[in-house]
Amino acid sequence: MDPRFIDELAQKLSQAVPGGLKSLQQDLEGNFRAVLRTALGKLDLVTREEFEVQSAVLARTRERLKEFEARIAAMEARPARGARKKTVTKKAKIKKTTRKKSAK
């Protein structure tokens, strides 16, 4: 969290104090600053830079995922190379088994 942001916010809060309490303005500004730092420190926040980096990583990951999905779809669309041979081989085995049984 940018310390300037907290300072500016604390200053704006202290300026919003009614006129009769202006003598306490510096104390209030310090208290506002401390409370804001504590409260914002407890939040699980990331910097803008970290957010931008992670956004870029996510965008690249999505692109790679699209590429992989397209490659998988192309592979699934191709007929299996060994499927035809296996079918022929199974049929040939069935014929051989049938011949042996009929020869007995």
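Keep in mind it's a predicted model, so treat the numbers as computed, not measured. (Residues numbered from 1 in each chain as written. Predicted model: local features only at pLDDT ≥ 70, side-chain atom pairs only at ≥ 80, totals over all residues. Heavy atoms only, no water.)

Draft legend 1. Representation of the overall build of the chain. Counting its regular elements, the chain contains four helices and zero strands. Ordered by position in the sequence, the α and β elements of the chain form the string α-α-α-α. Out of the 104 residues belonging to the chain, those deemed buried represent 6%. Of the roughly 9,700 Å² of accessible surface on the chain, 57% is carried by carbon and sulfur atoms. (Helix = DSSP H or I, 4+ residues; strand = E, 2+ residues; numbered from the N terminus. Buried < 20%, exposed > 50% of the residue type's maximum accessible area, 1.4 Å probe, protein only. Areas by Shrake-Rupley, 256 points an atom, 1.4 Å probe, with all protein chains shown as cover.)

Draft legend 2. Just the pattern of salt bridges, in detail. Scanning the entire structure with this criterion turns up one salt bridge. Among the salt bridges present, the one from arginine 48 reaches glutamate 52, with a minimum N-O distance of 3.2 Å. Here arginine 48 pairs with glutamate 52, and both are found in helix α3 (residues 48-77), just four residues apart, close to one helical turn. For arginine 48, a relative accessible area of 57% corresponds to the exposed category. (Salt bridge = Lys/Arg side-chain N within 4 Å of Asp/Glu carboxyl O.)

Draft legend 3. Structural context of the confidence of the model for the chain. Per-residue confidence for the chain averages 79 on the pLDDT scale, and 70% of its residues sit at or above 70. Taken element by element, the predicted model of the chain shows its lowest mean pLDDT in helix α4 (residues 83-103) (60) and its highest in α3 (96). (pLDDT = per-residue confidence, 0-100.)

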